[in-house]
Amino acid sequence: MRKIIAILILTAMMVLTACTGGGKPSADGSLSKETKTVTIAVMHADPLLKQAAAKFQELHPNIHIEIKEHMATSASEGNAMSAANSQADMEKFIQTVTTQAISGKASDIIAMQDLPQDKFVDKKMLVNLNDLMKKDASFDSNKYYTNILKFSQNGDGLYAMPFNFTLEAISGNTELLNKANITIKDDSWTWEQFRDIAKKLREHTGNDHFAFVNVFPNQLIAEYVADNYAELVKQGKGNFDSDVFRDMMRQIKSLYEEGVLQAEFTYDYSKALFAKSGLYDPEQALTTLLTPNNQLYLKPTANGKSKGGLFQTYLTLGINSKSNVQEEAWAFMKFLLSDEMQSSPDMKGLPLSKKVLEKQLGDMKEQIMSGKLELPKGKPDKKQVEEQILAVGKLIASAGIKRTGDFKVESIVMEEFEAYMNGQKSAEDVSKIIQNRVNTYLGE
């Protein structure tokens, strides 16, 4: 009798598993009718995520999307956006969500854009989304910018899906560069060459001009770490006690010592020889490219070996590998990639969908030609607009480096770098201190 009961229980369990799919996405992307809740861990819920959750629940009444914010300062205590970007909020979010993930109690979906993604991947806390995409016949990755997906990977796996992105670049005045007889080869220029070019330009403009304005040493070293994170942190260990990092420290210091940059704030942006620029949204992208005497260049590198354009993602979500609702979590992420959500006015940056961005650029072309969208330097002709729309596509296709990093690592570097900039410690001493502190943190 006991044997018969055991067989019946086992059979019931097998039937239940077959019905639910064990929480794994089905091959055709269909969903169970069972009532379920999908939790999402974020530092601050932006309008796009709230809108997507509401619309998804309308389509799937049996699936509840619960957004969990982790902020040190409540939105009621001040401006929500400034609170979301505060250091206290960042630290709380990172510490809380990382601890939850390590203990197996994290939300089903995790906003990864501010988290140490490589640590999550190393500890196998995220689902490889490439596996889900391959199994899901309803999903076509070719509808999206595949190079953005490829270079968002950790190794051969995509563990966090980017839904929007921006391209980072440097804007230069072509008229001024031509007068100084300077040609920039941005596929191979270094920060040292950038310094020399700025010096040469100052011979024509005067020493009251600077390569950039309002760019400070700590900001520049943090950017370097983010741009070169894969080289500076390898296999869970820091590579800061190295010539490549010390050389960059020295290059940054020389920019300020030689007057190419100044560590003082100014409102006079006309004194800038170059500007931090890029493609941040469709309208800004066309406006920037259609500005006369304006050229976008790839950022200089430490070694002159550019791997392509630099991009940064905004909303980036990963699925908890221990989640019991992976099927529903994946369905929600696919909804964020739908034409409806990718074209939402709340979508910041450039959408991942090729179709949506092409339509947005086409709509702006019509607005420019009809005079509904006025440009600061006057109305260009149709050929100019079409050429710059093609230029946007080429710039996106050139993107090959994702700006990534770890907030805590960058904080350590900025804190210790100050002692080198003010002459208290040598580059060797500072690099060793950074190396030790970073390795201690990474080993936690």
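See above for the structure.
Residues numbered from 1 in each chain as written. Predicted model: local features only at pLDDT ≥ 70, side-chain atom pairs only at ≥ 80, totals over all residues. Heavy atoms only, no water.

**Q** What's the story with the overall build of the protein in this structure? I'm lost.
**A** Looking only at helices and strands, the protein has 19 helices and 13 strands in total. Every one of the 444 residues in the protein was classed for burial, and the buried ones make up 50%. A separation of at least 24 residues holds for 78% of the contacts in the protein among residues at least 6 apart in sequence. Here the protein displays about 21,800 Å² of accessible surface, and carbon together with sulfur accounts for 50% of that area. (Helix = DSSP H or I, 4+ residues; strand = E, 2+ residues; numbered from the N terminus. Buried < 20%, exposed > 50% of the residue type's maximum accessible area, 1.4 Å probe, protein only. Contact = heavy atoms within 4.5 Å. Areas by Shrake-Rupley, 256 points an atom, 1.4 Å probe, with all protein chains shown as cover.)

**Q** Which parts of the structure should I look at to understand unusual backbone geometry?
**A** Note: most residues except glycine have negative phi, and most peptide bonds are trans. You will see that Asn181, though not glycine, has its phi angle at about 60 degrees, which is positive. Within the secondary structure, Asn181 sits in the loop between helix H8 (174–179) and helix H9 (191–205). Positive phi is not limited to glycine here, since Gln235 has a value of about 50 degrees. Locating Gln235 in the fold gives a position in the loop between strand E6 (233–234) and strand E7 (237–238). We classify Gln235 as exposed; its relative accessible area is 82%.

**Q** Explain a nonpolar patch on the surface here, please?
**A** A surface patch of nonpolar side chains, amounting to about 450 Å² of accessible area, comprises Phe265, Tyr267 and Tyr269. If you trace the backbone, Tyr267 turns up in the loop between helix H12 (243–257) and strand E8 (274–279). (Patch = residues over 30% accessible without salt bridge, like charges linked within 9 Å, V, L, I, M, F, W, Y side chains within 5 Å. Salt bridge = Lys/Arg side-chain N within 4 Å of Asp/Glu carboxyl O.)

**Q** What's the story with the pattern of salt bridges in this structure? I'm lost.
**A** Pairs can form between side chains of opposite charge once their charged atoms are near each other. Within the structure shown, the criterion is met by 22 salt bridges. Between Lys36 and Glu328 there is a salt bridge, with the nearest N and O atoms lying 3.3 Å from each other. With a gap of 292 residues between them, Lys36 in strand E1 (residues 36–42) and Glu328 in helix H14 (residues 326–336) connect regions that are remote in the sequence. For the pair formed by Lys36 and Glu328, the shared burial category is buried. In this structure, the salt-bridge partner of Lys365 is Glu386, at a minimum N-O distance of 2.8 Å. Placement of Lys365 in helix H16 (residues 354–370) and of Glu386 in helix H17 (residues 382–398) is noted, with a sequence separation of 21 residues between them. For Glu386, a relative accessible area of 33% corresponds to the partly exposed category.

**Q** What's the story with the pairing of strand E5 (residues 164–173) in this structure? I'm lost.
**A** The side chains of a regular strand alternate, residue by residue, between the two faces of the sheet. The element E5 is extensively covered by neighbouring structure, given that 9 of its 10 residues are classed as buried. Bridging between E5 and strand E10 (residues 309–313) involves 4 bridges; their strand directions are antiparallel. Looking across to E10, one finds that Leu167 is bridged to Phe311. Across 6 bridges, the pairing between E5 and E8 is antiparallel. Bridged to Ser171 within E8 is Ala275. Where E5 lies against strand E9 (residues 294–297), 4 bridges are found, and the strand directions are antiparallel. (Pairing = 2+ DSSP bridges.)

**Q** Would you mind going over the sheet that holds E1 with me for this structure?
**A** Sheet strands line up and pair through hydrogen bonds in the backbone, either parallel or antiparallel. Across the sheet, which stays open at both edges, the 5 strands sit in the order E2-E1-E3-E11-E4 with mixed pairing between neighbours. With one partner strand each, in any of the chains shown, strand E2 (63–69) and strand E4 (161–162) form the two edges of the open sheet. Bridging between E1 and strand E3 (residues 109–111) involves 2 bridges; their strand directions are parallel. Looking across to E3, one finds that Ile40 is bridged to Ile109.

**Q** Would you explain the side chain of Glu410 in this entry?
**A** Inspection of the secondary structure assignment puts Glu410 in helix H18 (residues 407–421). Buried within the structure, Glu410 lacks any salt-bridge partner; its nearest side chain of opposite charge belongs to Arg403, at an N-O separation of 7.2 Å. (Lys, Arg positive; Asp, Glu negative; His and termini not counted.)

**Q** Honestly, the nonpolar core in this entry has me stumped. Any pointers?
**A** Burial of nonpolar side chains together is a common tendency in soluble globular proteins. Within the largest apolar cluster, 80 residues are counted, with the highest numbers of intra-cluster contacts made by Phe120, Met161, Phe332, Met333 and Leu352. Here the element with the most residues in this core is H14; it accounts for 7 residues. Other than its neighbours up to four places away in sequence, Met333 contacts Ile109, Leu129, Met161, Phe163, Leu317 and Ile319. Within the second largest apolar cluster, 45 residues are counted, among which are Ala180, Leu201, Tyr224 and Tyr229. (Core = buried A, V, L, I, M, F, W, Y, C linked by side-chain atoms within 4.5 Å.)

**Q** Looking at this model, I keep getting lost on helix H2 (residues 47–59). Mind explaining?
**A** Since the α-helix advances by 3.6 residues per turn, residues separated by three or four positions end up pointing in the same direction. Its 13 residues place the ends of H2 19 Å apart at the C-alpha level, agreeing with the 18 Å of an ideal helix rising 1.5 Å per residue. Listed as buried for H2 are Leu48, Leu49, Ala52, Ala53 and Phe56. Mapping the buried residues of H2 onto a view down its axis gives an arc of 130 degrees, with all of them on the same face. Looking at the packing, one finds that the buried side of H2 touches E1, E2, H14 and helix H15 (339–342). (Expected span 1.5 Å × (residues − 1). Arc of directions from axis to C-beta.)

**Q** In this structure, what is going on with the packing of aromatic side chains? I would like to understand it.
**A** Given two aromatic rings, their pairing is described by the distance between the two centres and the angle made by the two planes. In this structure the tally under the stated criterion is 15 aromatic pairs. Considering the side-chain rings of Phe56 and Phe332, the 5.4 Å spacing of their centres and the 85 degrees angle between planes classify their relative orientation as edge-to-face. Here Phe332 lies in helix H14 and Phe56 lies in helix H2, a separation of 276 residues in the sequence. Taken individually, Phe56 and Phe332 each receive the classification buried, so the pair is uniform in this respect. An aromatic cluster is present here, built from Trp189, Trp191, Phe194, Phe212, Phe274 and Tyr297 joined pairwise through their rings. (Phe/Tyr/Trp six-rings, centres within 6.5 Å; stacked < 30°, edge-to-face > 60°.)

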